[in-house]
Each structure stands twice: as structure tokens, then as C-alpha cells.
Amino acid sequence: MAAAGGWAGGTFSNPVIPGFHPDPSVCRVGEDYYLVCSSFEYFPGVPVFHSRDLVHWEQIGNVMERPGQLRLPDTAPSSGGVYAPTIRHHDGRFWLITTDVSHDGNVLFTATDPAGPWSDPVLLPGVKGIDPDLAWDEDGTCWVTSAGISQIAIDPGTGQTLGAPRRLWSGTPGAKAPEAPHLYRVGGYWYLLIAEGGTERGHGISVARGPAPYGPFEPCPANPVLSHRSTDQAIQNTGHGDLVQAPDGSWWIVFLGVRPGGGTPGWHVLGRETFLAPVTWSADGWPVIGEATPVMAAPPWPPRPVPGPAARDDFDAARLAPHWISLRSRPQEAVSTTERPGWLTLRARGASLDDPAVTFAGRRQQHRACRARTLLDPAAGRGGLAVRLDERHHYAIEAAPDGTVRAEARIGPLRQTVGELRLPEAGPVTLRADIGGPPEAWDPRQGPDVVRLGVEEPDGVFTVLAELDGRYLSTEVAGGFTGRVIGMYAAEGTVRFDWFALEAEKDDAL
Ligand code: 6LW
């Protein structure tokens with residue numbers, strides 16, 4: 001399945017990284033761009049993407065992929081975990097700073113190859129606040145700037161703080177949640193880019209500048225320099241961005257946004273996604289962010305497409321590809337592609353998707369209309385195919401050793417079996433979830449999409465056991481910072497999956 005929007009006839013499509021990929025941070029080394037996102041309760045943590053044209057991105061790894069790098073207890077709530085990283089290249093190395101809000105607090109990693117391996121974490125107990133940024137000034141001082149907006153110098157080798165934190169700027173008076181700071185030296189100024197207004201419909205980006213990395217800062221008179229609040233733009237909640245300069249001197253911004261669907265108030269189901277827009281500079285030296293739309297004028301250089309994640313995985317490799325994510329941790333004895341070669345073996349820990357310890361392997365839903373399928377062997381256990389928002393919001397189609405297949409829905413405090421079937425004979429079964437637009441009908445209460453759960457016969461016939469309104473698996477209903485993830489789980493015993501396929505129903509669904 002193509003991960004990124006195409007580049008056709010001088011245009012590209014936004015988002016450039018669809019699906020739950022929020023809080024993007026980007027850096028460039030030569031002709032290569034590297035981008036990272038938040039990962040919250042999922043393991044491995046902090047996906048790393050590579051691109052040579054800013055439009056086509058390929059996931060090349062994860063920063064936190066060893067148990068010692070990400071220590072999320074089962075008590076870490078969904079939408080806890082790992083927030084808002086910053087990636088920078090300095091002194092021949094890549095530097096990554098992020099916050100594990102559930103366990104380690106602010107942490108710093110380094111790597112010579114951004115695909116990994118990344119170092120063990122350097123803990124930063126003296127650095128308070130989420131959304132840490134890293135910047136080095138001319139004399140080599142390393143500044144960490146975080147939500148609030150406050151700043152402290154550190155020794156990045158040891159994590160020691162140097163001096164006391166200082167408050168830099170509170171953003172626009174009256175706007176909530178000044179956060180997501182990034183500092184850049186451009187010309188004679190230090191620019192401080194922040195997000196404000198909260199990560200919901202009021203979100204935006206504002207900027208200030210000053211003579212030094214610690215200010216004093218004067219706000220841009222045109223703030224917010226990016227916001228879609230109160231507009232009828234298809235892309236909403238735009239904010240939390242990071243600037244990057246291309247080799248030809250042009251400037252760009254990656255930022256998060258959402259695509260709400262359905263009637264009012266609108267529900268977004270893919271989480272906060274990564275978008276791209278051009279940046280120019282005004283005559284008096286302020287960044288001007290171009291309008292962000294689903295179809296954008298392409299950058300003036302040749303497209304360099306990269307493969308997106310394969311639509312189908314036969315689990316033939318000894319390791320799962322980097323886009324596969326589990327919940328909080330991924331113990332080898334619970335998730336394996338080598339135990340029965342060519343199959344993904346999941347061994348149950350938690351008894352259902354309600355349980356934070358459930359054994360799960362999934363990938364982000366990246367298209368609004370898609371079809372997920374998996375061939376499951378329930379001979380030694382009970383498990384299934386799930387569309388997950390969090391422990392309290394998920395739909396699943398589940399098979400048991402006795403040939404029973406059940407569709408299950410959990411919405412807030414309610415859990416219900418919404419469809420059931422007894423297969424004529426027990427054995428491997430193809431479970432399927434089709435996700436797509438609701439029926440055409442003007443209704444202001446209409447949900448964003450419909451999730452159909454069922455069983456696919458060998459001849460391709462789809463027996464639907466349940467058809468469910470997708471709004472209950474949206475951020476507006478579930479709350480939090482993530483988006484839908486579709487995957488396989490084990491609820492009892494040992495469950496084996498021969499293959500998993502996630503296909504876009506149509507590419508224009510972007
Ligand atoms: C992140 C904050 C935000 O730390 O949401 O949209 C928080 N911005 O900057 C979680 O992603």
C-alpha cells in the first residue's frame with residue numbers, strides 16, 4: 001500500500017505521511033531528510049522516516065526498539081508513553097530528544113545511522129516539560145527548550161543540566177498550551193517556533209525571534225503563522241510543526257493536522273497525520289507558511305518515490321518490519337516470526353483487547369477506505385483481527401479453536417458480542433475488516449465511516465457479521481492523541497497468523 005501521497009502533474013497530495021504520525025520533527029543532512037513522530041503507548045517507539053524529496057517517506061526504523069530504551073509498564077495509559085520528539089544532526093551525529101511521560105521523563109539518544117541502532121537513553125531528570133527541542137549555539141552550548149515555553153542548558157553527553165531553567169515566552173496572550181518549541185538560527189536572528197491553542201480545532205503555530213537562543217523574543221505581528229481554526233478547510237487542527245531548508249535554499253514545514261469526516265462536529269479516525277507546506281520569508285524577515293491543502297504544488301525538484309510498507313506481510317522474515325507496533329512492550333516469547341517460520345505466533349498475556357497487556361501486533365490505518373485481512377490458525381488459542389483506538393474503544397473479529405467466530409465491540413464502558421457464526425469445520429480462517437465511507441445520505445449526524453467485520457470464504461465471498469459506525473473509534477469519542485491501529489491479537493493460548501494484508505480500497509481515499 002502506498003504510504004505517501006503521490007506526485008502527479010506538478011502536484012503532490014497531503015498528508016505526506018498518512019495515519020497516526022503526529023508531532024513531526026525533521027532534519028536534513030545533504031540531500032537526505034529524516035523525520036520522526038510521537039508513538040505513545042506503542043512499542044517500538046519513535047518511528048524514523050527517510051525521504052529525498054520531502055513528499056515520499058519510507059520508514060527506516062524506530063529509535064526505541066530495545067527493551068532498555070523504552071520501559072513502558074503495563075500501567076502506562078494509552079496516549080501516555082512517548083511524546084513529541086525532536087531530531088537534529090550535529091557534530092556528525094543524529095540526536096533525538098523526547099519525553100516518556102509514563103516512565104523515564106525526558107530522554108536523549110544518539111546514532112550515527114538514523115535507521116539505528118540508537119544509543120541507550122541518557123536520562124534528563126533536570127529537564128522539565130514535554131516537547132523538548134535541542135539547539136546548539138555558536139559557542140557550543142546545548143539548549144533544551146520545552147513546553148511552557150522554558151529553556152535550560154545541558155551537557156548532552158551526561159544529561160546534566162547547567163544553570164537554572166528560564167521562561168522564554170508564553171505565546172499569544174489568551175491562547176492555551178504554548179508547546180512544541182523549535183529553535184533555529186536564520187540570518188541574524190534566533191527564531192522560536194511554537195504550537196499554541198491546544199491540539200484540537202483551535203491549534204496553530206506562532207513564531208517569535210530574538211538576538212540569542214535565550215531571547216529576548218518579540219512575537220511575529222502576523223501570529224498565528226499557521227492555523228485552520230474556524231475555516232472550512234478539509235485539513236483541520238493544523239499545528240506542531242518543524243522547519244527545514246532544502247538544498248536549493250527553499251524552506252518547508254512539516255506539521256500535524258487531521259481530516260475529520262462525517263457530519264457535525266466531525267470525527268477524525270486516522271489520528272493526527274504529517275503534512276507538508278512551503279515556507280517563504282516576508283520582507284521584514286518573518287516566515288510565511290503557504291496554505292496547506294490536500295493537493296499541493298509539488299516542490300521544484302524531481303520526485304524520488306520510495307516503497308511504502310508492503311500491503312501484505314507473509315511473516316517470512318526473522319524480524320517484523322519497522323511499521324509493526326505492539327502495546328507497551330514486545331516480549332520475544334509472546335511475539336515471534338521464527339517459532340513457526342512463515343507465521344506470526346502470538347502468545348496470549350492479557351485476556352482481551354480491554355487488557356493493557358494484551359499481545360498485539362498491528363499497523364496504523366493509513367487510508368480512509370481500506371480492507372484488512374488475515375489468515376489465522378486458532379488450533380491452539382483464541383485471537384483475532386482488531387481495529388483499535390485504545391483499551392476502551394475497539395472492534396474485533398475473533399476466532400476460537402471450536403470453530404466459533406465472534407464480532408466484538410467495546411465502546412467506553414460497554415462491551416458486546418455483535419455477531420456470531422459457527423464455521424462448518426474448525427481450522428484456519430480468513431478474518432476480514434472493511435472500512436469505508438458511510439452510505440450516501442445527507443444527515444448532519446452521520447458518522448465518518450463504517451467498519452464491517454466478518455469472515456472471507458476461500459472463494460472471496462465476505463460474510464459480514466457486524467457493520468459498525470466508525471465514530472466510536474475516533475479521537476473525538478475516545479479522546480487522547482493517537483489514531484486507529486489495525487492488527488492481530490491473542491486472547492487465549494497461542495494463535496498463529498499465516499499472513500496479514502492491509503489494502504487501500506482506492507488510492508484517492510487519501
Ligand atoms: C504533544 C503536544 C501536542 O506533546 O500534543 O499537538 C502532545 N501537540 O505538543 C501529544 O502529541
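Just so it is clear, the structure is predicted and the values come from calculations on it, not from any experiment.

1. Some details on the sheet that holds strand β15 (residues 161-167)
Here four strands make up an open sheet; going across it, the order is β12-β13-β14-β15 and the pairing antiparallel. Strands with a single pairing partner mark the edges of an open sheet, and in this sheet they are β12 (133-136) and β15. The average undirected angle you get between the axes of adjacent strands in this sheet is 20 degrees. The pairing of β12 with strand β13 (residues 142-146) spans four bridges and is classified as antiparallel.

2. What to know about the UniProt feature "active site" (unreviewed entry) in the protein
If you check UniProt for "active site" (unreviewed entry), the listed places come out as Asp23 and Glu179 in our numbering. Across 157 residues in sequence, these annotated residues keep their C-alpha atoms within 10.9 Å of one another, forming a single compact spot. With respect to the helices, strands and loops of the structure, Asp23 is situated in the loop between β2 (11-13) and β3 (25-29). Looking at Asp23, the relative accessible area reads 5%, which means it is buried. The contacts of Asp23, once residues within four sequence positions are left out, are Val36, Cys37, Ser38, Phe40, Ala84, Pro85, His240, Leu256 and Arg272.

3. So, the packing of aromatic side chains
Where two aromatic rings form a pair, the distance of their centres and the angle of their planes describe that pair. Counted according to the given criterion, the structure contains 16 aromatic pairs. Judged by centre distance (5.9 Å) and plane angle (70 degrees), the rings of Tyr189 and Tyr191 are edge-to-face. Its relative accessible area of 32% is what places Tyr189 among the partly exposed residues. Seen in terms of ring centroids, Trp252 and Trp301 are 5.6 Å apart; in terms of plane orientation they differ by 65 degrees. Their pairing is edge-to-face.

4. Here's the deal with the UniProt feature "domain: Beta-xylosidase C-terminal Concanavalin A-like" (unreviewed entry) in the protein
Using the residue numbers shown here, the UniProt feature "domain: Beta-xylosidase C-terminal Concanavalin A-like" (unreviewed entry) corresponds to residues 312-501. A distance of 4 Å separates the end C-alpha atoms of residues 312-501, which is 2% helix and 52% strand.

5. What about the environment of Gly308?
Within the secondary structure, Gly308 sits in the loop between β24 (295-297) and β25 (312-313). Assessed through its relative accessible area of 24%, Gly308 is described here as partly exposed. Residues Gly308 and Ser250, spaced 58 residues apart in sequence, show a C-alpha to C-alpha distance of 26 Å.

6. Brief notes about the environment of Ala318
Looking at the element boundaries, Ala318 is found in the loop between β25 and β26 (326-327). Not counting residues within four places of it along the chain, the set of residues in contact with Ala318 comprises Thr337 and Thr338.

7. Notes on the sheet that holds strand β16 (residues 179-186)
The pairing of strands in a sheet comes from backbone hydrogen bonds and takes either a parallel or an antiparallel form. The sheet built from four strands is open, its strands ordered β16-β17-β18-β19 with antiparallel pairing. The sheet is open, and its two borders are formed by β16 and β19 (218-219), each paired with just one other strand. Of the pairings in the sheet, the one linking strand β18 (residues 204-210) to β19 comprises two bridges and is antiparallel in character. Opposite Ala208, over in β19, you have Pro219 as the bridge partner.

8. Quick word on the site of the ligand
As a structural note, the neighbourhood of the ligand is formed by 13 residues, with Asp23, Asp131, Thr199, His240 and Arg272 the closest of them. Note that an oxygen atom of the ligand is positioned 2.9 Å from one of the side-chain N or O atoms of His240. Side-chain polar atom of Arg272 to an oxygen atom of the ligand: 2.6 Å apart, as the coordinates give it. Surface burial for the ligand is 98%, taken as the share of its 300 Å² of free accessible area covered by protein chains. Here the shell around the ligand is built from residues that sort into six nonpolar, three polar and four charged.

Cut-offs used in this document
- Each chain has its residues counted from 1, following the order in which its sequence is written.
- Whole-chain, interface and lining totals are the exception, using all residues; otherwise, since this is a predicted model, local features are given only for residues with pLDDT of at least 70 and side-chain atom pairs are given and counted only at 80 or more.
- Heavy atoms from the whole structure form the basis of all side-chain values; hydrogens and water molecules are not counted.
- Two strands qualify as a pair provided DSSP detects at least 2 bridges between them.
- In DSSP terms, a helix is any run of H or I states spanning at least four residues, a strand is any run of E spanning at least two, and both are numbered starting from the N terminus.
- Working convention: axes come from line fits to C-alpha atoms, limited for helices to the stretch in contact. Angles between N-to-C directions cover 0 to 180 degrees.
- UniProt positions are given in the numbering used here, feature names are shortened, and annotations may be inferred rather than shown by experiment.
- Residue burial is assigned from relative accessible area. The probe radius is 1.4 Å, only protein chains are included, and a residue is buried under 20% of its type maximum, exposed over 50%, and partly exposed in between.
- Any two residues whose heavy atoms approach within 4.5 Å are treated as being in contact.
- Paired rings are identified among Phe, Tyr and Trp, the last through its six-membered ring, by centres lying within 6.5 Å, and are further divided according to the angle between planes into stacked (under 30 degrees), edge-to-face (over 60) and tilted (the rest).
- One heavy atom within 4 Å of a molecule or strand is enough for the residue carrying it to be called near that molecule or strand.
- Any N or O atom pair separated by 3.5 Å or less is treated as a polar contact, with the protein-specific requirement of one donor-capable and one acceptor-capable atom, and with residues adjacent in sequence counted only for side-chain atom pairs.
- The protein chains shown are the only cover counted for residues, whose accessible areas, like all others here, come from Shrake-Rupley with a 1.4 Å probe.
- Residue polarity follows a fixed list, in which Ala, Val, Leu, Ile, Met, Phe, Trp, Tyr, Cys and Pro are nonpolar, Asp, Glu, Lys and Arg are charged, and the others, Gly among them, are polar.

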